[in-house]
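Given next are the chains, with one letter for each unit.
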Amino acid sequence: MAVRRREAYEALVSLPTQARNPWMELLRRGLLAVAIIAANSLIVWLDRDSYADNVNGDGVSFIDAVYYATVTVTTTGYGDITPVADHARLLNAILVTPLRMAFLVLLVGTTIEVLANQGRRALIDHRWRSRMRNHTVILGFGTMGRSALATLLRNGAEPDRIVVVDASQAAVEEANRDGVAAIVGDCTSRDLLRRAEVPKAKHIVITVNRDDTAILATLTARQLNPHAHLVVAVRSGENVSLLRQSGADGVVTSTDAVGRLVGLSAVSPDLGATVEDLLNYGDGLDIAQRQVAPDEVGRSTQEIAGERVLGVVRGGLLRRFFDPSVAVLKTGDELVVVRPSRTPRSRASRERQ
């Protein structure tokens, strides 16, 4: 919705539904009310000789016709102007009275709908926030944010456990079209992040388009939630250490990553294509992290069938596959593996993306 509203209303979550612009709807109803009064005024003005002004006795002017139409449709009815001819009274019965009823229905219906919609939005917002636990919050929904969401969904994340925060209404509407809840507003606002239930989130992904905004958003999110896994995309490598000091668990330098991929593709096209394949889920090779299976406990990383182990996460620390401390797998280990895609996509679906 293009019209900007007051901040308290903007902070309400926007769920993935198709809704009409309330301001345009209000304008449409206002024009309809004016049209009803204009039609009533025209009826009286064209048949003005059949009406009597009981106060001034000087006939019915155009202003008198508008006045009569207004007090009639609003059921005020002062009685100073009245229809005296039989056909004028009949027209009032079969034309003016339905217009009066339509005006009242429009007026009362609009008032009730506005109040009901505000209450319904607040109720939906409260219900949504009350059940948000261990969810994922994406701060910033530009190109990187959309890619992050697509990757999360392809890896089995549930859309109703993801919420997007972005300052652009267009980005919020796009997130809604992707089936996730979204909130429009400043990604560094403490109150707004609380509305997104950042204190209860399990994962926080920050993909804003400015490094200074990313740093402030990281500080704010980490203060609200000291335990969530927080990953930040940053453009300049100089800010990586600053973001880690701000509380980021993982920092991805977008420009450096793209530059390295371009460099690999230039030096060795096959190597660049392989790395790109690993980044594209569901096509060729996938890189994944999973829990070690019971029948794999006691084995070495080289004995894992159907996959290639790149690393082992033990005690919260990532160790490379050649580290002798993880030569034998233990219960509770997590494996970082490369494996054939388990959800191959058709050529048509790849072309659509």
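Residues numbered from 1 in each chain as written. Predicted model: local features only at pLDDT ≥ 70, side-chain atom pairs only at ≥ 80, totals over all residues. Heavy atoms only, no water.

Colleague: In this structure, what is going on with the packing of aromatic side chains? I would like to understand it.
Modeller: Each pair of aromatic rings is reported with the distance of its centres and the angle of its planes. Within this structure, the stated rule accounts for three aromatic pairs. For the ring pair tryptophan 45 and phenylalanine 62, a centre distance of 5.8 Å and an interplane angle of 90° mean the geometry is edge-to-face. Separated by 17 residues along the polypeptide, tryptophan 45 in helix α2 (residues 22-46) and phenylalanine 62 in helix α3 (residues 62-73) bring together distant segments of the chain. The positively charged end of arginine 48 is found above the aromatic ring belonging to tryptophan 45, 3.8 Å away from the centroid. (Phe/Tyr/Trp six-rings, centres within 6.5 Å; stacked < 30°, edge-to-face > 60°. Helix = DSSP H or I, 4+ residues; strand = E, 2+ residues; numbered from the N terminus. Lys NZ or Arg CZ within 6 Å of the ring centre and 35° of its normal.)

Colleague: How do you make sense of the sheet that holds strand β10 (residues 308-314) when you look at a structure like this?
Modeller: Whenever strands of a sheet pair, they do so through backbone hydrogen bonds, lying parallel or antiparallel. Strand order in this open sheet of four strands is β9-β12-β10-β11, and the pairing throughout is antiparallel. At either end of the open sheet lies a strand with only one pairing partner, and these are β9 (285-291) and β11 (317-320). The mean inter-strand angle of the sheet, taken between neighbouring strand axes irrespective of direction, is 25°. As judged from the seven bridges shared by β9 and strand β12 (residues 334-340), these two strands associate in the antiparallel manner. Residue pairing across strands places alanine 288 opposite valine 337, the latter belonging to β12. (Pairing = 2+ DSSP bridges. Axes fitted to C-alpha atoms, helices over the stretch in contact; angles between N-to-C directions.)

Colleague: Any chance you could explain the nonpolar core here in plain terms?
Modeller: Soluble globular proteins: nonpolar side chains tend toward being buried together. If you look at the biggest cluster of nonpolar residues, it comprises 31 residues, and the most contacted ones within it are Leu139, Val198, Ile204 and Ile206. Mapped onto this core, the elements with two or more residues apiece are β3 (136-139), β4 (162-166), β5 (181-184), α7 (190-195), β6 (203-206), α8 (211-224), β7 (229-234) and α9 (240-246). It is α8 that provides the largest number of residues to this core, a total of five residues. Excluding residues within four positions of it along the chain, isoleucine 206 makes contact with Leu139, Ala214, Ala217, Thr218, Leu230, Val231, Val232 and Ala233. One finds Ile138, Leu149, Ile162 and Val164 within the second-largest nonpolar core, a separate group that totals 13 residues. (Core = buried A, V, L, I, M, F, W, Y, C linked by side-chain atoms within 4.5 Å. Buried < 20%, exposed > 50% of the residue type's maximum accessible area, 1.4 Å probe, protein only. Contact = heavy atoms within 4.5 Å.)

Colleague: So what exactly am I meant to see when it comes to the pairing of β5 here?
Modeller: Moving residue by residue along a regular strand, the side chains alternate between the two faces of the sheet. Taking every second residue as pointing to the same face, both faces of β5 are buried, with Ala181 and Ile183 on one and Ala182 and Val184 on the other. Pairing of β4 with β5, which is carried by four bridges, proceeds in the parallel orientation. Bridging from a neighbouring strand, valine 165 pairs with isoleucine 183 of β5. With respect to chirality, the unit in which β4 leads through helix α6 (residues 169-177) into the neighbouring parallel β5 is right-handed. (Right-handed = clockwise from strand over helix to strand, strands pointing away.)

Colleague: Is there a simple way to explain the environment of serine 50 in this structure?
Modeller: Structurally, serine 50 can be placed in the loop between α2 and β1 (51-53). Sequence separation of serine 50 and threonine 82 is 32 residues, and the distance between their C-alpha atoms is 8.7 Å. Ignoring anything within four residues of it in the chain, the contact list for serine 50 reads Thr82, Pro83, Val84, Ala85, His87 and Ala88. Within the structure, the side chain of serine 50 is placed 3.0 Å from the side chain of aspartate 47, a separation counted as a polar contact. (Polar contact = N/O pair within 3.5 Å; in protein donor to acceptor, adjacent residues only side chain to side chain.)

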